[in-house]
2 protein chains.
Amino acid sequence: MKPNFSLRLRVFNLNCWGIPYVSKNRADRMKRLGDFLNTEGFDLALLEEVWSEQDFQYLRQKLSPTYPAAHYFRSGIIGSGLCVFSKHPIQELTQHVYTLNGYPYMVHHGDWFCGKAVGLLVLHLSGLVLNAYVTHLHAEYNRRKDIYLAHRVAQAWELAQFIHHTSKKADVVLLCGDLNMHPEDLGSCLLKEMTGLHDAYLETRDFKGSEDGNTMVSKNCYVSQRELEPFLSGIRIDYVLYKAVSGFYISCKTLETTSGHAPHSGSPLSDHEALMATLCVRHSPLLQSSSFAQGPAEKSLLLSVLTEARMELGQGLAHARWWATFAGSVVGLGLLLLAVLCILVAGGGAREASALLWLPVGLVLGAGAAYIFHTQEANGLSRAQAELQHVLGRAKEYQDLGAEPQPALLRGQQAWDRAEEQ
Amino acid sequence: MKPNFSLRLRVFNLNCWGIPYVSKNRADRMKRLGDFLNTEGFDLALLEEVWSEQDFQYLRQKLSPTYPAAHYFRSGIIGSGLCVFSKHPIQELTQHVYTLNGYPYMVHHGDWFCGKAVGLLVLHLSGLVLNAYVTHLHAEYNRRKDIYLAHRVAQAWELAQFIHHTSKKADVVLLCGDLNMHPEDLGSCLLKEMTGLHDAYLETRDFKGSEDGNTMVSKNCYVSQRELEPFLSGIRIDYVLYKAVSGFYISCKTLETTSGHAPHSGSPLSDHEALMATLCVRHSPLLQSSSFAQGPAEKSLLLSVLTEARMELGQGLAHARWWATFAGSVVGLGLLLLAVLCILVAGGGAREASALLWLPVGLVLGAGAAYIFHTQEANGLSRAQAELQHVLGRAKEYQDLGAEPQPALLRGQQAWDRAEEQ
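Note that the structure is a prediction, hence the values are computed from the model and not measured. (Residues numbered from 1 in each chain as written. Chains lettered and ligands numbered in written order. Predicted model: local features only at pLDDT ≥ 70, side-chain atom pairs only at ≥ 80, totals over all residues. Heavy atoms only, no water.)

**Observations regarding the interface of chain A and chain B**
Thought 1: Taken together, the 47 residues of chain A in the interface contact 47 residues of chain B.
Thought 2: Carbon and sulfur atoms make up 53% of the surface buried where chain A meets chain B, a total of about 4,300 Å² over both sides.
Thought 3: Per-residue buried area on chain A facing chain B is highest for Glu 92, His 165 and Lys 169 of chain A; these three make up 16% of the total on that side.
Thought 4: Counting every contact that joins chain A to chain B gives 2 salt bridges. (Contact = heavy atoms within 4.5 Å. Buried area = accessible area lost by both parts, 1.4 Å probe. Salt bridge = Lys/Arg side-chain N within 4 Å of Asp/Glu carboxyl O.)

**Re the state of the cysteines**
Residue and element names in this part refer to chain B.
Thought 1: Per the counting criterion, the structure on display carries 0 disulfides over all chains.
Thought 2: No disulfide involves Cys 252; its sulfur sits 10 Å from the nearest other cysteine sulfur, which is in Cys 280.
Thought 3: The class for Cys 252 is buried, based on a relative accessible area of 6%. (Disulfide = S-S within 2.5 Å. Buried < 20%, exposed > 50% of the residue type's maximum accessible area, 1.4 Å probe, protein only.)

**Structural notes on the packing of aromatic side chains**
Residue and element names in this part refer to chain A.
Thought 1: This structure, assessed with the given rule, holds 36 aromatic pairs over all chains.
Thought 2: Centroid distance Phe 12 to Phe 36: 5.9 Å. Interplanar angle 55°. Geometry classified as tilted. Within this pair, whereas Phe 12 is found in strand β1 (residues 6-18), its partner Phe 36 is found in helix α1 (residues 26-40), the two being separated by 24 residues in sequence. Phe 36 carries the same exposure label as Phe 12, and that label is buried.
Thought 3: Ring geometry for Phe 12 and Phe 42: centres 5.3 Å apart, planes at 40°, overall tilted. Taken together, the positions of Phe 12 in strand β1 and Phe 42 in the loop between α1 and β2 (44-50) put the pair 30 residues apart, joining distant regions of the chain.
Thought 4: Residue classification places Phe 12 among the buried positions, given a relative accessible area of 0%.
Thought 5: One Lys or Arg, Arg 29, reaches over the ring of Tyr 222 and ends 5.3 Å from the middle of that ring. (Phe/Tyr/Trp six-rings, centres within 6.5 Å; stacked < 30°, edge-to-face > 60°. Helix = DSSP H or I, 4+ residues; strand = E, 2+ residues; numbered from the N terminus. Lys NZ or Arg CZ within 6 Å of the ring centre and 35° of its normal.)

**Thoughts on the packing of helix α3 (residues 149-166) of chain A against helix α4 (residues 186-195) of chain A**
All names here are of chain A.
Thought 1: In contact at an axis separation of 9 Å, α3 and α4 are set at 15° when each is read in the N-to-C sense. Taken together, the axis directions place α3 and α4 in an arrangement best described as roughly parallel. Here the hand of the crossing between α3 and α4 comes out right-handed. Taken together, the residues of α4 that come into contact with α3 (itself represented by Val 153, Ala 156, Trp 157, Leu 159, Ala 160 and Ile 163) are Leu 186, Gly 187, Leu 190, Leu 191, Met 194 and Thr 195.
Thought 2: Broken down by class, the residue content of the contact of α3 with α4 amounts to 10 nonpolar, 2 polar and no charged. (Axes fitted to C-alpha atoms, helices over the stretch in contact; angles between N-to-C directions. Parallel < 35°, antiparallel > 145°, perpendicular 65-115°, else oblique. Left-handed = near helix turned anticlockwise from the far one by under 90°. Nonpolar A, V, L, I, M, F, W, Y, C, P; charged D, E, K, R; others polar.)

**Focus: helix α1 (residues 26-40) of chain B**
Each α-helix winds once per 3.6 residues, and so residues spaced three or four apart point in a common direction.
Residues and elements named next belong to chain B.
Thought 1: Under the 1.5 Å per step criterion, the end-to-end length of α1 is 21 Å for 15 residues, consistent within 8% with the ideal 21 Å.
Thought 2: Taken residue by residue, α1 has Arg 29, Met 30, Leu 33, Gly 34, Phe 36 and Leu 37 as its buried positions. Each buried residue of α1 lies within a common arc of 165° when the element is viewed along its axis, so the set occupies one face. Looking at α1, the residues exposed on the side facing more than 90 degrees away from the buried face are Ala 27 and Thr 39.
Thought 3: Against the buried residues of α1 lie β1 (6-18), β2 (44-50), α2 (53-63) and β13 (275-283). (Expected span 1.5 Å × (residues − 1). Arc of directions from axis to C-beta.)

**Details of the domain arrangement of chain A**
All names here are of chain A.
Thought 1: Segmenting chain A into domains produces domain 1 (6-283) and domain 2 (296-402).
Thought 2: Of note, the centres of domain 1 and domain 2, computed from C-alpha atoms alone, are 32 Å apart.
Thought 3: Residue-level contacts link 20 residues of domain 1 with 22 residues of domain 2.
Thought 4: A buried area of about 1,700 Å², summed over both sides, lies between domain 1 and domain 2, and 76% of it is on carbon and sulfur atoms.
Thought 5: Of all residues in domain 1, Trp 157, Leu 186 and Glu 193 give up the largest surface area on contact with domain 2, accounting jointly for 32% of the area buried on that side.
Thought 6: Where domain 1 meets domain 2, there are 1 salt bridge.
Thought 7: A salt bridge links Glu 158 to Arg 383, with the shortest nitrogen-to-oxygen separation between them at 3.5 Å.
Thought 8: Joining domain 1 to domain 2, the criterion identifies 6 residue pairs in polar contact (both at pLDDT 80 or more).
Thought 9: Elements that contribute at least two residues to the side of domain 1 that touches domain 2 include exactly α3 and α4.
Thought 10: Ranked by the residues each element gives to the side of domain 1 that touches domain 2, the list is headed by α3, at 8 residues.
Thought 11: Class assignment for the residues of the side of domain 1 that touches domain 2 results in 14 nonpolar, 4 polar and 2 charged. (Domains from an automatic or database assignment. Polar contact = N/O pair within 3.5 Å; in protein donor to acceptor, adjacent residues only side chain to side chain.)

Structure below.
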C-alpha cells in the first residue's frame, strides 16, 4: 500500500421507524429515503427498524443501480430490522443475535419479538479491510425506572465482545446504529472503553445539524413530546463510531444530522434523525495513540466501568433468579392444586371441581413458561457477568504486575499481538 | 520467534454424559475423570455434557492445582454443558449460542432446553496465539428419518462462520467436541471445507484405540446396543480438528481413544470415548499447502457441499414455513371458535358453552406459541441460507473470473489478507 494512501468514506445511518400498520406515512418515507440515498450515493447506508422485508425489497430494487450490494439481517420472530446497502461488494457477512432482549410478556413493548442483533459486513476498499457493524439495542421506555437496563448492558457487552473478536484482522472498524443509550450511559461507556471506538460527533470539527447532535428531537413531528419531556433539546442515541486498528489513521471530516425534517426540507424521513458522516482514512506509520498506552485516568475509568457493569448485571441476575424461583413455586402450587382437584373429581365428592381444572393447568403452563424464560435470562446474565469478571480479573492482574500497556486484554491485546509479529 | 520454534500440545476431549438423575454412576465417573486428568496433566481438557454446574465446581476444585484456569459456558435453560480446564492462563473467552437447536415440544429429546453453543478460549503459548473451540451439536436420534438435519447443518454453518470470523489473528486453531455427525455427513464436510480444519484421526500416523477411531462403541456398557445396531463397530462423532493459520505447521503426533472402558482399565468414564491428542506446532516459513491453492477437485467439492447445504436448509425452511402457516391458521380458527362461544354465552342460548371456553383459549395459546417458534425457526434457517448463498455467489464469481486462489472468501481470504501485508 502506498505511503500517501488516503480513502474517503461517506456513511449514512438511520433508524427508519418502519413498523407496518403503526408507523405513519411509511410508504412515502421509504420512497423519499430511497430517492435521497440514490441522489447522495453514499459508500454505505446502514438502516435500522426496517421491520418489513417488503420495504427492504422495495429499497433493494430502487437502490440497486447505486448500491449493488445489499443485505437484510433476519432473526427472531419479526426480524432484527437491520439492513445495509453498499456501493462496494460485500466480501463477507455474518450476524450475532443478542442473548437477552426483554420479556416475551411485555408484548406492548415488542422488543423480545424482534431478535435484536448486530450485523457485520467485511468490505475491501483499495486494499483496506473495513469491518462495518450495524446494530439496534433494546429500547428505553422509562428512564427513571428502566427494567431493561441489565439487558441493555448485557447487549452492550456482547456487542463489544463481538466487535473485538471479529475485527482482529480489520484495518478500520465502523459501528453505526441506534444504541438506545445516551453518550454518558453505562452501556455506552462500556462499549467505548472495551472497543476503543471513537464517537464521530465528539471527534469531528465540522458538525452541522441538530442541537448537541441529538438524534431524537422535539421538532420532529413524529416524536412523542411526552417521551422527550425531560430533555428539552432532545436525546442522542444514534451513533457513528469508528477506529483504525493498525497502521492507519481515521478521522471524521464532517458529520451532519437532519433536524426534525428531511435532509433538505419537507416532512421527516423517520422519528429519528439521520446521521451522515464523511470519514477519512490515511496510512499512518505511527499507530493511533488511543490504541496504545493509556494514562492512569483512562485505566481507572476502564476498571470503574467494568466494576459498575458487573454490579448492574448482578442486580439483573438477582432479579431474574427471584422470578425463576417464584415461577417455580407457582408451578409447584399449581401441581398441588391439580392433584387435589383430580382427587375430588375422582372421588365424586365435587363434580363441579372438574370445571375448575383449567385453573391449575393454566397456572402450571403459564408459570412453567415464566420459569423457563427467567432461568434462561439468569443464564444469559450470568454468562455476561462471568466473561466480564474474567476481563476484570486480567485487568487487575496486569495492574498488580505494573505491566504497560495495562488493560492489555482488549485494546492492548492487539498491541501485544502486533509487537510479537514485529 | 525463533526459527526452530516447536510446541507440543496435549489435548483431552470427552462428552461426559453428566445428566443429573439420569446418567449412571455420575459421581463416581466424575471423580475418576478428575483423578485421570490430574495424573495426565494435559495442556487443555475440553468437556461436553457437564450439565450440572455442581459437577463443574467439583472438577474445578479438584483440578485447580494442575489446571489453574477453568471456565463453564452458561447458556439456554439447562446450560451448554461445555467447560474447559487449562494448564495455561486463558487470555480471552467468549461463546456463541446456536440460533437453532431443536423443538421445545420435543421435551423427551431435551436439546432445545440446553442452549447448545460453541465456546472460545484464546491462549498465548510461547508467543503463539491459540484459539481453542469446544462445541456440542444437536443429537441425532433417528438417522433414517432425521428431523433435526436442517438444524444441525445450520449449526455446522454457524460454527464455521464463528470460527472463521474469530480466528483471523490466531496462529493455531483447535476445535474439539461432540459434533453428532459422522465424518462423511453433510455438516462435517461443510465445516471442514469452510474452515480448512484437519481431522486428527485422519492425519495422525500413530493411532491407538477403538476400531476406526469410533467414539461410541458397543463394547461400552453405557451405550444402548439398539442405537448402534446399524453400525457394528460403532460411530465416530467426537473430534479433534486443527489447523495452523500463518507461518506455522501443525501435525498430530499421536491420537488415542478409550475403547469402551476407562483409559487404563475399569468401567468407562462416559458413554462416549475420550480423545487424547498430542499436537506439534512448528515454525514454518512455507505456509501449509491446504490454506492456499486448491485443485479443481477441491474447488468443485466446496461448491457441491455448499449447494447441498443450501438445499438442505431450503427443505428445512419449507417445513418450518408450513408449520408456521398451519399454526397461524389454527390460531385463526381458535379465535373464531372463541367468538362464536362468547356470542352463545352472551345471548344466553347455551350456558353450557361457557365450560367449553378453555378449548379455544388453549388452542389460541398453544398454536400461538407454535406459530412464534416456527416463525423464529424459519428466520434462523433463512438467515443461514442467505449467508451461505452469499458465499456461494462469491465462490462462483471467483470461478467465472478464473481467479486463483478461487474460493477466496474463507480460506483464501486470509491468504489474500496476508499477501496484502507482505
